[in-house]
Amino acid sequence: MKSTILPEPLKPGDLLQVIAPSGALREFAALKQSVEIWRSRGYRIEISSDIDHHWGYLANKDEVRRHQLASAWQDPNCRGILCARGGFGSTRILEDWHWQINSDPKWLIGFSDITALLWSLYNAGISGVHGPVLTTLADEPDWSTERLFNLVEGRAIAPLKGCGWGGGVATGILLPGNLTVATHLLSTPIQPNFDGVILALEDVTEAPYRIDRMLTQWRLSGVLAKVKGIALGSFTRCEAAPNIPSFNTEEVLRDRLADLGIPIVSDLPFGHGEQNASLPVGVPVTLDANHGVLDIVTF
């Protein structure tokens, strides 16, 4: 197993840039509240001048969003990139994209559609943060907000507790992401090497049959045979339509995953639910399916 390079810990006074690499921004009040949280911790926040633009359902045309990302990533004064929101669109700007890696990488923070950027950066050997975007941070409970700052400022973060399915204990490299986005990265150049990985998945507004369809694709692709364990976060608003015969989401997850013979822990507090605990990408973790615990080995 090979873990990624962690950017240097952030500290008050550092400059962070806000970009919108995915969907069009709609939650302006939430964005402002979350920016103030960062500023209250002593950070300088620079917001892209065209953050309020849109091109259909996207935050801007691909070349503009790609330029936002490149400018922030290559700015020597910028220490971290805060993604405004998810939605859809980050995969579009990864066409013909190459991370310019130097000896001083910076933090990239987001989740949901930002999964594509985080996994692409992981392939380049750099860790990011699967954590709240700037349209959700203000709604996080205090412990979750503090966990994010502990993570990026170089302090220890607590284990997460969920529901263990049994199957023992596994240690591997943590790779968190949104199930739908991750599924659409399979068989693309962005698909990572899953050997030795602890896969952490969550999703939102996907009916049980669609979750079944995606997990069946993962099974057929053969990649689930490579992972060491699976950590499941929240599957929010993933109920079946009323009056239609269906399994519920938990039944689908158990049907598609429980026979893999690897440790699995569900109901962990990350994803689109009321709690989105920040997770570092590409670091060693232990998944204890006997006690339902996901623990960062070193940080």
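Visitor: Just give me the short version of the sheet that holds strand E9 (residues 197–204), but keep the residues and values in it.
Guide: Read across the open sheet, the eight strands follow the order E6-E14-E13-E8-E9-E10-E11-E7; overall the sheet is mixed. Whereas interior strands pair on both sides, the edge strands pair on one side only; in this sheet they are strand E6 (160–161) and strand E7 (163–164). Looking at chain direction, strand E8 (residues 169–178) and E9 are connected through six bridges and run parallel. By the bridge assignment for E9, isoleucine 173 is matched with valine 197. Strand contacts of helix H4 (residues 115–123): E8 and E9, with the helix running at about 130° to E8, the strand carrying the most contacts.

Visitor: Quick one: what's the story with the environment of leucine 118, residue by residue and with numbers?
Guide: With respect to the helices and strands, the residue leucine 118 is situated in helix H4. Accessibility expressed as a relative area gives 0% for leucine 118, which makes it buried. Leucine 118 sits 164 residues away from glycine 282 along the chain, and the two C-alpha atoms are 9.6 Å apart. Setting aside residues no more than four positions away along its own chain, leucine 118 makes contact with Leu108, Gly110, Gly128, Val129, His130 and Val281.

Visitor: Give a detailed account of the pairing of strand E1 (residues 15–19), specifying residues and quantitative values.
Guide: In terms of burial, E1 is a largely internal element, five of the five residues being buried. The side-chain alternation of E1 yields two buried faces, one formed by Leu15, Gln17 and Ile19 and the other by Leu16 and Val18. Two elements, E1 and strand E2 (residues 44–47), share four bridges in a ladder whose sense is parallel. Residue pairing in the sheet places valine 18 in a bridge with isoleucine 47 of E2. Running through helix H1 (residues 28–40), the crossover from E1 to the neighbouring parallel element E2 is right-handed.

Quick notes on the rules
Residues numbered from 1 in each chain as written. Predicted model: local features only at pLDDT ≥ 70, side-chain atom pairs only at ≥ 80, totals over all residues. Heavy atoms only, no water. Pairing = 2+ DSSP bridges. Helix = DSSP H or I, 4+ residues; strand = E, 2+ residues; numbered from the N terminus. Contact = heavy atoms within 4.5 Å. Axes fitted to C-alpha atoms, helices over the stretch in contact; angles between N-to-C directions. Buried < 20%, exposed > 50% of the residue type's maximum accessible area, 1.4 Å probe, protein only. Right-handed = clockwise from strand over helix to strand, strands pointing away.

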